Every structure is written in C-alpha cells, then in structure tokens.
Amino acid sequence: MVDTAGTSGAARQLIIVSGLSGSGKSVALRTLEDLGYYCVDNLPAALIPALVEAGTPGQLAVGVDVRNHAEQRDKLPQVLGELARLGVAYRLVFLDARDDVLIKRYAETRRRHPLSEQGLSLAEALAEERRQLRPLVALADRVVDTSDLNVHQLRRMVITEMDLAPGSVTLLCESFAYRNGVPPEADFLFDARQLPNPHWESSLRPLSGKDQPVREWLDAQPEVVAYADDIHGFLQRWLRGFDASGRGYLTICIGCTGGRHRSVYLAERLAERLRREHPQVLTYHRELA
C-alpha cells in the first residue's frame, strides 16, 4: 500500500474490512487499531469519503458488513470510485469462514446474529447473509478464510500477510500457561514458573496480572523485577538484528503455571518498555482470551 497523503493532512490510506458475522472482523479491526489505524465499525458506506476528507489523522480502517442497509452496500462501487478520485490507497478485505465454524463460534459466545431479528434460524441467517454480501466478495482485493485461525493467528495474518506494518518489525508479547502447551508460534520463549506466585495470595487469586493489586505485589518482588530487566536487556540486544534483516513479525512468549498472573504481568510490563523503542508492539493473553 502506497502512502499518498497530501499536504492537507487528510488520511490517504484506508482498509475496508467486511465479512460474515463471526468471521473475525472485530479482531481484525482491534488489531488495526493497535497498529495505529483510526477504526470506525459499521459506518454507512456513503459516508466513507466524507470520513477521509475530514482529515482524520493517521490511517483509517472501516468495518462494512450486513448491518449496513442494502442501499448503503449498493453504493460501495461508487464509493470506491470516489476514493480513487481522491487519491486514497484503499483495500477491501473480506473475511469468510465455514458455516459449521461460524455456528460453533456463535454457540460459544451466545451472541445473536444480526439477521436473527427477522425470525430466521442461525443457519438461515448465515445463508441470507452470504447472499446479501456476495457483491462485496466480488469487489474484495482479498478474501481470507478464517475457519482454521485462532485469535492469535488472525492477528498475525492481519499484520504480516496484509503488509500493514512495513518498515519495522512488529512485536507480540504473549502470555500463556505451560499446562496448556507452549504456543507453536513462539520466536522467543521465557519461563516465569520459578518466580513468586500471586496465586497463593487469596486476595489476588481471582485477579490477573493486568490488575493493579497484582502488579503492585509483583513490583515488590526483587526476583520478578530482575527477571523482567533481564528479558528486556536480552531483547534490546538481539532485536536490532531482526530489524536489520527485514523480519516483519516476532512473537515473544512468556509462560507460567496458570497463565494468569506472572506471565500476564511480565508480558504487559515488557510491552510497555518495548513501546519506547519500537513503533509496533501488541499484547495477547492466551488464557484470558
């Protein structure tokens, strides 16, 4: 994607995210937001050029799906032509998934399908949604099947395969529980199971490493502070080589027994420190997702 931003300061890069309900659009938009995109979900298609011309700083991402009324979706080809006239480098990405996967995801989250209010069963709503969104599939620059992707893999795909963070390595600090297995995507792996464990403090057990009482408790443990410093120092030394090599994405995994306290704390603290030196740093807590 080429940056064609003019002197007006208006955004000149745009990602339009569309797809089936349950296919991962919210995850994609949140990832883009983490990457510095200004994200607007369910914006009427006709308003997209106005949003671009309003001069919103930075890059833009817009969610357009079946929640847009049909007359709005029908205007999208005209809208894309207007974006081209404005000199906007845009990309339309459509997320898809198999019906059996979508049905399972709905069962797990207990969400309502946007078309269920029409009295349709979930299977009928999915079929109608596919019919209504067929024109968007035809317009898409890329169609991505997310059936076999978990949240972490989808975030990785958005960042790497779509080339949305060129020019510097994107870092993901991920926490996990060893009892549930080591993340297969790990590039760097650190074991925090030897550190003092807040789990044994009854008042802290229900909390996570993102909560202030847990953070304060771990901040007061010299071993934890030393371990965090050692991880950061190691990465400071060796990440420069990955920047120079043109590597686009690195996953730094930190594990503890339950994946709730120590590893979450360390991943958050590490991300905070790395953001001072790297433009793209994300976090993901597998056991809290």
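Before reading further, recall that the structure is shown in the block above.
Since the model is a prediction, treat every value here as computed from it, not as a measurement.

Trainee: Lay out the overall build of the chain with the relevant residues and their values.
Mentor: A tally of helices and strands in the chain yields ten helices and nine strands. A total of 289 residues make up the chain; the buried ones form 48% of that total. Looking at the chain alone, contacts between residues at least 24 apart form 75% of all its contacts between residues at least 6 apart. Of the roughly 13,900 Å² that the chain leaves accessible, carbon and sulfur atoms contribute 50%.

Trainee: Run through the packing of aromatic side chains, naming residues and quoting values.
Mentor: On inspection of all chains with the given rule, the structure shows three aromatic pairs. Ring centres of F188 and F234 lie 5.8 Å apart, and the angle between their planes is 80 degrees; on these two criteria the pair is classed as edge-to-face. Remark: F234 occurs in helix α9 (residues 222-245) and F188 occurs in strand β7 (residues 188-191); sequence separation between them is 46 residues. Residue F188 is classed as buried on the basis of its relative accessible area, which comes to 12%. Taking the relative accessible area as the measure of exposure, F234 reaches 35% and is therefore partly exposed. Seen in terms of ring centroids, F190 and F234 are 6.1 Å apart; in terms of plane orientation they differ by 80 degrees. Their pairing is edge-to-face. Of this pair, F190 sits in strand β7 while F234 sits in helix α9, and the two are 44 residues apart along the sequence. Linked through ring pairs, F188, F190 and F234 together constitute an aromatic cluster. A cation over a ring is seen here: R193 above Y178, with NZ or CZ 3.7 Å from the ring centre.

Trainee: I'd like a rundown of the sheet that holds strand β4 (residues 89-96), residues and numbers included.
Mentor: Strands sit in the order β2-β3-β1-β4-β5 across an open sheet of five strands; the sheet is parallel. The open sheet has two free edges, formed respectively by β2 (38-41) and β5 (142-145), since each of these has just one partner strand. Averaged over all pairs of adjacent strands, the angle between their axes in this sheet comes to 20 degrees, without regard to strand direction. Relative to strand β3 (residues 60-63), β2 runs parallel, the two sharing four bridges. Bridging from a neighbouring strand, C39 pairs with A61 of β3.

Trainee: Outline the packing of helix α8 (residues 212-219) against helix α10 (residues 262-274), listing residues and values.
Mentor: Where α8 meets α10, the closest approach of the two axes is 10 Å, and the angle between their N-to-C directions is 85 degrees. When the axes of α8 and α10 are compared, the pair comes out roughly perpendicular. Together, R215, L218 and D219 of α8 and R262, Y265, E268, R269 and E272 of α10 make up the contact between the two elements. Grouping the constituent residues of the contact of α8 with α10 by class yields two nonpolar, no polar and six charged.

Trainee: Quick rundown of unusual backbone geometry? Include the residues and the values.
Mentor: Across the chain, the bulk of peptide bonds are trans and the bulk of non-glycine residues have phi less than zero. One non-glycine residue with positive phi stands out, namely N42, at about 60 degrees. With respect to the helices, strands and loops of the structure, N42 is situated in the loop between β2 and α2 (48-53).

Trainee: Let's hear about the environment of G259: which residues, and what values?
Mentor: Mapped onto the elements of the fold, G259 is located in the loop between β8 (249-256) and α10. You can call G259 buried: its relative accessible area is 0%. With 85 residues separating them in the primary sequence, G259 and E174 have C-alpha atoms 9.9 Å apart. If we ignore the near neighbours within four places in the chain, the residues touching G259 are S175, F176, A177, V264 and E287.

Trainee: Explain helix α1 (residues 25-34) to me, and be specific about the residues and the numbers.
Mentor: Inspection of α1 places K25, V27, A28, L29, T31 and L32 among the buried residues, and these make up the whole buried set. Two residues or fewer after α1 comes G36, characterised by a positive phi angle close to 100 degrees.

Trainee: Account for the side chain of S18, naming residues and giving values.
Mentor: On the secondary structure map, S18 appears in strand β1 (residues 13-19). In this structure, S18 is in contact with K25, V64, D65, L92, V93, F94, L95 and L136, ignoring residues within four places of it in sequence.

Trainee: Please give an account of the sheet that holds β7 that cites residues and values.
Mentor: Ordered by their spatial adjacency, four strands build an open sheet running β7-β8-β6-β9, and the pairing between neighbours is parallel. Of all strands in the sheet, those bounded by a partner on one side alone are β7 and β9 (281-285). Between one strand and the next, the sheet's axes are offset by a mean angle of 20 degrees, whatever the strand orientation. Relative to β8, β7 runs parallel, the two being bridged by four bridges. Paired with L189 across the two strands is C253, which belongs to β8. Set on the sheet, α10 makes contact with β6 (170-177), β8 and β9; between it and β6 the angle comes to about 170 degrees.

So, how was this worked out
Residues numbered from 1 in each chain as written. Predicted model: local features only at pLDDT ≥ 70, side-chain atom pairs only at ≥ 80, totals over all residues. Heavy atoms only, no water. Helix = DSSP H or I, 4+ residues; strand = E, 2+ residues; numbered from the N terminus. Buried < 20%, exposed > 50% of the residue type's maximum accessible area, 1.4 Å probe, protein only. Contact = heavy atoms within 4.5 Å. Areas by Shrake-Rupley, 256 points an atom, 1.4 Å probe, with all protein chains shown as cover. Phe/Tyr/Trp six-rings, centres within 6.5 Å; stacked < 30°, edge-to-face > 60°. Lys NZ or Arg CZ within 6 Å of the ring centre and 35° of its normal. Pairing = 2+ DSSP bridges. Axes fitted to C-alpha atoms, helices over the stretch in contact; angles between N-to-C directions. Parallel < 35°, antiparallel > 145°, perpendicular 65-115°, else oblique. Nonpolar A, V, L, I, M, F, W, Y, C, P; charged D, E, K, R; others polar.

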